[in-house]
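Understanding the architecture of this molecule
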Amino acid sequence: MKSYNFDSLKFATEGLTGFGCTVIQDDANLPSFMIPFSKRTNAQLFDGGSEKTHSAFIVDDVEYKRFFMSKFLNCIINGRAYSWPGMDPAANINYDQAIQACNAKGNGFHLLSMPERAVIDHLIYKSGFIPRGNTNYGKSHVSGYSYEAGEATLISEGKICRTATGSGPATWFHDGTRDGIADWVGNVWKWISGARIVDGEIQIFFGNAAAKQANAGATSTHWKAIMPSGALVEPGTVGTLKYTKDLKIATATGGAGTNSTSNFGSLAAASGVTIPEILYELMLAPKTGVTHSGGFWINTEGERLPFVGASFHDTSNSGPSALNLNNVRSNVNTNIGFFSAYPLSQTGKFTDFSQCMKGKGIYPRSGEARKIDAAINAVSTELEAGQG
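Rules and cut-offs
Residues numbered from 1 in each chain as written. Predicted model: local features only at pLDDT ≥ 70, side-chain atom pairs only at ≥ 80, totals over all residues. Heavy atoms only, no water. Buried < 20%, exposed > 50% of the residue type's maximum accessible area, 1.4 Å probe, protein only. Helix = DSSP H or I, 4+ residues; strand = E, 2+ residues; numbered from the N terminus. Pairing = 2+ DSSP bridges. 1 Å grid on protein atoms, 1.4 Å probe; cavity = no way out; pocket = protein on both sides within 12 Å on 5 of 7 lines; lining within 4 Å. Points joined across faces, edges and corners; volume = space filled by probe spheres on them. Arc of directions from axis to C-beta. Contact = heavy atoms within 4.5 Å. Salt bridge = Lys/Arg side-chain N within 4 Å of Asp/Glu carboxyl O. Phe/Tyr/Trp six-rings, centres within 6.5 Å; stacked < 30°, edge-to-face > 60°. Axes fitted to C-alpha atoms, helices over the stretch in contact; angles between N-to-C directions. Core = buried A, V, L, I, M, F, W, Y, C linked by side-chain atoms within 4.5 Å. pLDDT = per-residue confidence, 0-100.

Right, let's talk about the pairing of strand 21 (residues 303-308) for a bit. The element strand 21 is extensively covered by neighbouring structure, given that 6 of its 6 residues are classed as buried. By the bridge criterion, 2 bridges tie strand 12 (residues 195-198) to strand 21 in an arrangement that is antiparallel. Paired with Val198 across the strands is Glu303, a residue of strand 21. Two elements, strand 21 and strand 22 (residues 323-327), share 3 bridges in a ladder whose sense is antiparallel.

Next up, the structure:
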C-alpha cells in the first residue's frame, strides 16, 4: 500500500476543532480520527467521588495525561481497526477478534476499556444531554424524534439495520454536537475490554491495563475480583462482589440464571452489602441521583463479556448506561461492533518528535505542530531563565 503523509490533515483537524479532534496514525501509517479526553478525578465525574485520579488515566501505576477515543465506530481494513466517517461499522466480530483488530495497529492501540467508557458516560450525565441514535431500524426510537435518521449500510428483510458511521444528526453524537463521538448510543453494540463476569463474579483489570494491551484471555492473571472494601483480589476469593440473577450486587450469586431490566439504574445492593467507589467509578453500579438511560442484561453462568450502548433495534432499552453481560466471548452478530482507543503518557512540556514515537503510548504530533511546540518550548525556557 502506498504511504501517505497525513500531517496536513492532522493539523487542519486540530485547528478546525480547537483540538476537539485529532488524527493519529498507526504502524501502517493510516489515520484514525480520535477525540481527546483529559485526566479527571472521581470527584469531577460523579457526586461523592474522591480526589482519586480516575482509573482510565492510570496505566501500570503511572498517571496519564489523557486518552484518545475513536470518533467513529471502527471499520476494519487489512485486519486493523480504523475510526473513519461514512463507513459501515465492523460487525459479526467476536470479543477476541475485536481486541486483535485494535492491537494490530501497534503499541497503545486497544479495544475501548470499561474505565474509558465510564469517563465518557459520567461526562454525559454531568452535562445533562442524553444522546440518541439509530435505535429503531435506522432512526431514533424516541417519541418526537423519529425523523432523525442515518444513511443505511445494512438492510435486512426490508428494514434498515446498520447506518454509516457519523451519518446521523448531531444528537447522535455523545455531546450533542458533531465535535463528539458518533453512534455512542445504538447502531451496533460495542465490545468493551478490561471487565467481565464469571459465574456472576465481577472481574476487572487494575487501572487501565487494557491500554497496554494486557492479556484478556479467559485464564489471564490480569483479571481481579472486587471486595466490598474496594480491594482487588484473586478471582474466587470468598466474599467478592457479584451480580445476581435477581439484579442485585451481592457477595453470593444466588445460583445461575438470566435476567434483564430496561433501566441500569434498577440495580441495587443486596441487604448488608456496601458498594465500593470503584464500581461507581467504572459505571458498574448506578449512582444515586443519576437518571440512567439504558438497560442491563445478565447471565450468571460461566464467563460473560460486556458490550454496551445498545444497537439498531433496542429501542427503549438503549442509552449510555446500556450494559449487556449476557454473552460469551465467541458471540458474533450483525449488531455487535467496537471502538478503539489510544493512551497519552506525555507529561510536562511538549517533547521533541524523536521522543514522541508512534505506537509508544505517546501522542505523535504533526510537522506543523512540532514547529509550534519548538516555539512554545523556546519561550518557556526563556521565561524560566528570567524567573531564575
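Once that is clear, we can look at empty space enclosed by the protein. What the rule picks out here adds up to 4 cavities of 30 Å³ or more. Size it by volume and the largest cavity reaches roughly 60 Å³. If you trace the largest cavity, you find it lined by Ile99, Asn103, His110, Leu111, Ser193, Phe205, Ala210, Gln213, Ala214 and Ala216. Broken down by secondary-structure element, the contributors of at least two residues to the lining of the largest cavity are helix 3 (95-103) and strand 8 (110-111).

This part covers helix 1 (residues 7-17). Given 3.6 residues per helical turn, the α-helix brings residues three or four places apart onto the same face. Looking only at helix 1, the buried set comprises Lys10, Thr13 and Glu14. Buried residues in helix 1, looked at end-on, bunch into an arc of 95 degrees, giving them a common side. Projecting away from the buried face of helix 1 at angles above 90 degrees are the exposed residues Gly15 and Leu16. Where helix 1 is buried, its residues touch strand 1 (22-25) and strand 2 (31-38).

Moving on, we come to the pattern of salt bridges. Counting across every chain of the model gives 14 salt bridges. For Glu14, the salt bridge goes to Lys10, with nearest N and O atoms at 3.7 Å. Of this pair, Glu14 and Lys10 both sit in helix 1, 4 residues apart, roughly one helical turn. The residue Lys126 makes a salt bridge to Asp47 at a minimum N-O spacing of 3.5 Å. Taken together, the residues span a long stretch of sequence, with Lys126 in helix 4 (residues 114-127) and Asp47 in the loop between helix 2 (42-45) and strand 3 (58-59) at a distance of 79 residues.

All right, on to the packing of aromatic side chains then. Using the criterion set out here, one finds 15 aromatic pairs in the structure. Arranged with centres 5.5 Å apart and planes meeting at 20 degrees, the rings of Phe37 and Phe67 form a pair that is stacked. Here Phe37, found in strand 2, pairs with Phe67, found in strand 5 (residues 66-70); they are 30 residues apart in sequence, far enough to count as distant. Look at Phe67 and you get buried, because its relative accessible area is 1%. Seen in terms of ring centroids, Tyr137 and Phe312 are 6.0 Å apart; in terms of plane orientation they differ by 55 degrees. Their pairing is tilted. A residue pair is termed long-range when its members are at least 10 positions apart, and Tyr137 in the loop between helix 4 and strand 9 (155-156) and Phe312 in the loop between strand 21 and strand 22 qualify at 175 residues. Its relative accessible area of 29% is what places Tyr137 among the partly exposed residues. Feature note: the residues Tyr95, Trp189, Trp191, Trp297 and Phe307 constitute an aromatic cluster, connected by ring pairs.

In space, the 5 strands of this open sheet follow the order 1-2-5-24-8, with antiparallel pairing throughout. Where the open sheet ends on each side, the last strands, each with one partner, are strand 1 and strand 8. Alignment of strand 2 against strand 5, held across 5 bridges, turns out to be antiparallel. In the sheet register, Phe37 faces strand 5, and the bridge partner there is Phe67. This element, helix 1, spans strand 1 and strand 2 of the sheet and lies at about 150 degrees to strand 1.

In terms of nonpolar packing, the biggest core is built from 47 residues, with Met69, Trp184, Tyr243, Leu279, Leu284, Phe296 and Leu323 touching the most fellow members. If you tally residues by element for this core, the top one is helix 4, at 4 residues. Excluding anything up to four places from it in sequence, Trp184 contacts Met69, Leu112, Arg117, Ile120, Asp121, Ile124, Trp172, His174, Lys190, Gly309, Pro320 and Phe339.

Let's shift gears to the side chain of Thr13. Tracing the sequence through the fold places Thr13 in helix 1. The class for Thr13 is buried, based on a relative accessible area of 10%. When neighbours within four sequence positions are excluded, Thr13 is seen to be in contact with Cys21, Thr22, Val23 and Phe33.

For Asn103, the location among the structural elements is in helix 3. C-alpha of Asn103 to C-alpha of Ala211: the two residues are 108 residues apart in sequence and 9.7 Å apart in space. Excluding residues within four positions of it along the chain, Asn103 makes contact with Phe109, His110 and Gln213.

Turning our attention to unusual backbone geometry. A positive phi angle, near 70 degrees, is found at Asn187, a position not held by glycine. If you trace the backbone, Asn187 turns up in the loop between strand 10 (159-160) and strand 11 (189-191). The backbone of Gln213 shows a phi angle near 55 degrees, a positive value even though the residue is not glycine. Position of Gln213 among the secondary structure elements: in the loop between strand 13 (201-204) and strand 14 (224-226). Assessed through its relative accessible area of 24%, Gln213 is described here as partly exposed.

Quick look at the confidence of the model for the protein chain now. Residues of the protein chain with pLDDT of at least 70 account for 87%, and the chain-wide mean is 90. Scored below 50 in pLDDT, residues 346-373 makes 67 contacts in the model with residues more than four places away or belonging to other chains.

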